[in-house]
Amino acid sequence: MKKILLILLSFSFIYASSDYLDIINENMANRIIRYSKNIDKALCLRSIREEFSEIFNDDYYYKNNKSYLKLILGFQKQEHTKINVIEKIRVRLDLPLLKHSFKLFIDSDYLDNKLDAEYEQDTSLGIESSFSKYLDSKLRLGLRGIDNIYLGYRIGMTYEHDSFVIEPYQYIRYSIEDKLEESTNLNIDMFLQDDDILRLYMRRYSDDDSSHDSYGTSLTYFKHLDNKKIITTSISANISSDENKNYIISSQYQQNIFKKYMFLRVVPYMIWEEINDYKHDLGITVLFEWRFRK
């Protein structure tokens, strides 16, 4: 009899509290929908960025753990300079079975100025390790040139909010030849309609020689044309402590030209430099890339 009374009382309480239960149920359902939408949107943003990365092979901004080898051949020509022949090899070998996921690399470095129009990136050879699953944390031991050994540490994070992705990162490098160098970088991506991206990039660099300190910023619009074809339009400015300033307007067209591993990149640009009394100088860079990767 007592059990029956308890059951009846329980049902009476539930019936009397049905309005409150409805509120709890609706709130929980709304939360689940909101969380699922946020997760779906975040995955969609990452998918768009990975698609840009697949064409540009941009390992600075995108998390790429795949092993690859790239052969880069091409030339660069400015209006008042000779043709500069470009021959580059880029290698990254992922070693997942080792502790901390080591990678062997032959690549440019995080401190290389990506705002310069000239395709002058030093090549580093070394080993890289990631120490955190939650932060973009990388330690590099490498060699630049013949005998310039360096140790570098990069730490950053990614924050996603609505249609924005914000990525700040700091890089510090100490080498035998250049001593202490460091740079603070910030990427802000805004996702537009038709899966296009507007990217604001800001950079501050300093080293032991104060005359090399520099500041720079660029605004780049990434536009999808169709499958495996992307064009960008960019404006950028560089200011250094030696009072040399330059301003650049450029466009970059990149296309997958054969199978999934051969790409063509064409970059026309116009540059105004303080040392040339801001007289405009036209230039073009043409690169062919053959990528060996899965």
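Residues numbered from 1 in each chain as written. Predicted model: local features only at pLDDT ≥ 70, side-chain atom pairs only at ≥ 80, totals over all residues. Heavy atoms only, no water.

(A) Structural context of the packing of aromatic side chains. All chains considered together, the criterion is met by 4 aromatic pairs. With a centroid separation of 6.2 Å and 80° between ring planes, the pair formed by Phe258 and Tyr261 is classed as edge-to-face. On the accessibility criterion, Tyr261 (30% relative accessible area) is partly exposed. Ring geometry for Trp290 versus Phe292: centroids 4.9 Å apart, planes at 20°, classification stacked. Within the aromatic cluster, the residues linked to one another by ring pairs are Phe258, Tyr261, Trp290 and Phe292. Over the aromatic face of Tyr169 sits the side chain of Arg154, whose NZ or CZ is 3.8 Å from the ring centroid. Between Arg291 and the ring centre of Phe263, over which it is positioned, the NZ or CZ distance is 3.8 Å. (Phe/Tyr/Trp six-rings, centres within 6.5 Å; stacked < 30°, edge-to-face > 60°. Buried < 20%, exposed > 50% of the residue type's maximum accessible area, 1.4 Å probe, protein only. Lys NZ or Arg CZ within 6 Å of the ring centre and 35° of its normal.)

(B) Representation of the nonpolar core in the model. Phe105, Tyr110, Leu111, Tyr150, Tyr171 and Tyr205 together form the largest nonpolar core, which totals 6 residues. With residues up to four places along the chain from it excluded, the contact list for Phe105 reads Val91, Arg92, Ser124, Leu125, Gly126, Ile127, Glu128, Arg140 and Tyr150. (Core = buried A, V, L, I, M, F, W, Y, C linked by side-chain atoms within 4.5 Å. Contact = heavy atoms within 4.5 Å.)

(C) Geometry of unusual backbone geometry. Within the chain, Lys179 stands out as a residue other than glycine whose phi angle is a positive 60°. Summarising the element assignment, Lys179 is placed in strand S9 (residues 179–191). In this structure, Asp277 is a non-glycine residue whose phi angle is positive, near 55°. By secondary structure assignment, the location of Asp277 is in the loop between strand S14 (262–273) and strand S15 (280–293). Taking relative accessible area as the criterion, Asp277 reaches 60% and is therefore assigned exposed. (Helix = DSSP H or I, 4+ residues; strand = E, 2+ residues; numbered from the N terminus.)

(D) Representation of the pattern of salt bridges in the model. Under the criterion given, the structure shown has 7 salt bridges. For Arg204, the salt bridge is made with Glu182, and the minimal N-O distance between the two is 2.8 Å. Taken as a pair, Arg204 in strand S10 (residues 197–207) and Glu182 in strand S9 lie far apart in primary sequence, 22 residues in all. Put simply, Glu289 and Arg291 hold a salt bridge, and the shortest N to O gap is 2.9 Å. Put simply, Arg265, Glu289 and Arg291 are held in one network by salt bridges that share partners. (Salt bridge = Lys/Arg side-chain N within 4 Å of Asp/Glu carboxyl O.)

(E) Broad picture of the pairing of strand S13 (residues 245–258). As judged from the 11 bridges shared by strand S12 (residues 229–240) and S13, these two strands associate in the antiparallel manner. Paired with Ile231 across the strands is Tyr253, a residue of S13. Linkage of S13 to S14, two consecutive antiparallel strands, is achieved through a turn of 3 residues, within which Lys259 is found at a positive phi near 50°. (Pairing = 2+ DSSP bridges.)

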